[in-house]
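These are the residues of each chain, in order.
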Amino acid sequence: MRSFRRLSATVNAGSMADIAFLLLIFFLVTTTISTDKGILRQLPRICDTADCTADIHERNLLRISMNEKQEIMIEEEFVQLSDIKNIVETFIDNNGINNCDYCDGLGNLESSDHPTKAVISLSHNASTKYNLFVAVQDEITKAYYGLRKRYSKHMFKKEPNQLTKEELKMVQEAYPFIVSEIMVDRSLE
């Protein structure tokens, strides 16, 4: 008798690679990739001079800190989030040595000498919530923006978004954004 030998059925896999490639392209084209969210900040430039590590006079430094209880302190006094903008504006625009012709400050000898010398020191505890940290940074940014807006209206009679690049640079030099972020306090109490 004859033996019938069955041949195993084979599938042509040559077109499988083409189909997989087409599916990959389809998913890449139709998928929307979400953009990352974060804090819009420009890193400071590298300092080429020795005065970058110079000591800052105590009256030119405003210390803002946040603790593990989500409380905000400015110079060791508890404040509300809504008060930060006004406190920072008053500190920066103080005109302590009375040589700033565009400042409207009170001239308090215990506060900053000039807007170009005012430094905001921001520190927080490791347990501080991210939302609070960002909210405090936003209030500091609002203070600087308010001062810059007032300066651009006074000097150029324009809104900040109408300034030329040269005028904008002058505004930024008049009120430079100087914020120092201190290392995270990881102490356990």
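Heads up: these notes are all about the structure in this document. This structure is a prediction, so every number in the text was calculated from the model and none was measured. (Residues numbered from 1 in each chain as written. Predicted model: local features only at pLDDT ≥ 70, side-chain atom pairs only at ≥ 80, totals over all residues. Heavy atoms only, no water.)

Notes on the overall build of the protein
Counting secondary structure elements, the protein contains four helices and five strands. Listed by position from the N terminus, the elements making up the protein come as α-β-β-β-α-β-α-α-β. In the protein, of all internal contacts separated by at least 6 residues, the share reaching a separation of at least 24 is 63%. (Helix = DSSP H or I, 4+ residues; strand = E, 2+ residues; numbered from the N terminus. Contact = heavy atoms within 4.5 Å.)

A word on the packing of aromatic side chains
Two measures describe an aromatic ring pair: the distance that separates the ring centres and the angle between the ring planes. On inspection of all chains with the given rule, the structure shows six aromatic pairs. Ring geometry for Tyr102 against Tyr151: centres 4.9 Å apart, planes inclined by 70°, an arrangement best described as edge-to-face. In this pair, Tyr102 sits in the loop between α2 (84–92) and β4 (119–124) while Tyr151 sits in helix α3 (residues 130–156), placing the two residues 49 residues apart along the sequence. Taking the relative accessible area as the measure of exposure, Tyr151 reaches 8% and is therefore buried. When the centroid spacing of 6.0 Å and the interplanar angle of 80° are considered together, the rings of Tyr151 and Tyr175 count as edge-to-face. A residue pair is termed long-range when its members are at least 10 positions apart, and Tyr151 in helix α3 and Tyr175 in the loop between α4 (165–174) and β5 (179–181) qualify at 24 residues. (Phe/Tyr/Trp six-rings, centres within 6.5 Å; stacked < 30°, edge-to-face > 60°. Buried < 20%, exposed > 50% of the residue type's maximum accessible area, 1.4 Å probe, protein only.)

Re the side chain of Ser152
As for its position among the elements, Ser152 is in helix α3. Taking the relative accessible area as the measure of exposure, Ser152 reaches 0% and is therefore buried. Not counting the four nearest positions on each side in its chain, Ser152 is found in contact with Lys157, Lys158, Glu159, Pro160, Leu163 and Val171.

Points about the nonpolar core
The tendency in soluble globular proteins is for nonpolar side chains to be buried side by side. Ile64, Ile84, Val88, Ile92, Ile120, Val136 and Ile140 are the most contacted members of the largest nonpolar core, which totals 29 residues. Among the secondary structure elements, those contributing two or more residues to this core are β1 (61–66), β2 (72–74), α2, β4, α3 and α4. A total of nine residues in this core trace back to one element, the largest contributor, which is α3. Contacts of Ile84, omitting those with residues within four sequence positions, involve Ile64, Ile72, Ile74, Val79, Val136, Glu139 and Ile140. (Core = buried A, V, L, I, M, F, W, Y, C linked by side-chain atoms within 4.5 Å.)

With respect to the packing of α2 against α3
In the contact formed by α2 and α3, the axes pass within 8 Å of each other and the chain directions differ by 45°. One way to sum up the angle between α2 and α3 is to call them oblique. Where α2 crosses over α3, the handedness of that crossing is right-handed. For the pair α2 and α3, the contacting residues are Ile84, Lys85, Val88, Glu89 and Ile92 in the first and Val136, Glu139, Ile140, Lys142, Ala143, Tyr144, Gly146 and Leu147 in the second. Per-class residue counts for the contact of α2 with α3 are eight nonpolar, one polar and four charged. (Axes fitted to C-alpha atoms, helices over the stretch in contact; angles between N-to-C directions. Parallel < 35°, antiparallel > 145°, perpendicular 65-115°, else oblique. Left-handed = near helix turned anticlockwise from the far one by under 90°. Nonpolar A, V, L, I, M, F, W, Y, C, P; charged D, E, K, R; others polar.)

A closer look at the pattern of salt bridges
One pass over the full model with this rule turns up nine salt bridges. A salt bridge links Glu89 to Lys85; the nearest nitrogen and oxygen atoms lie 3.2 Å apart. Residue Glu89 and its partner Lys85 are located together in helix α2, separated by four residues, close to a single helical turn. In this structure, Glu159 and Lys149 form a salt bridge, with 3.9 Å as the shortest nitrogen-oxygen distance. Taken together, the residues span a long stretch of sequence, with Glu159 in the loop between α3 and α4 and Lys149 in helix α3 at a distance of 10 residues. With relative accessibility at 28%, the residue Glu159 sits in the partly exposed group. (Salt bridge = Lys/Arg side-chain N within 4 Å of Asp/Glu carboxyl O.)

A short note on the side chain of Ser111
The topology assignment puts Ser111 in the loop between α2 and β4. Once residues lying within four places of it in the same chain are set aside, the contact partners of Ser111 are Arg59, Phe91 and Asn94.

Comments concerning the environment of Ser127
Secondary-structure assignment places Ser127 in the loop between β4 and α3. Counting along the chain gives 57 residues from Ser127 to Gln70, while the straight-line C-alpha distance between them is 8.2 Å. Excluding its chain neighbours within four sequence positions, the residues that come into contact with Ser127 are Glu68 and Gln70.

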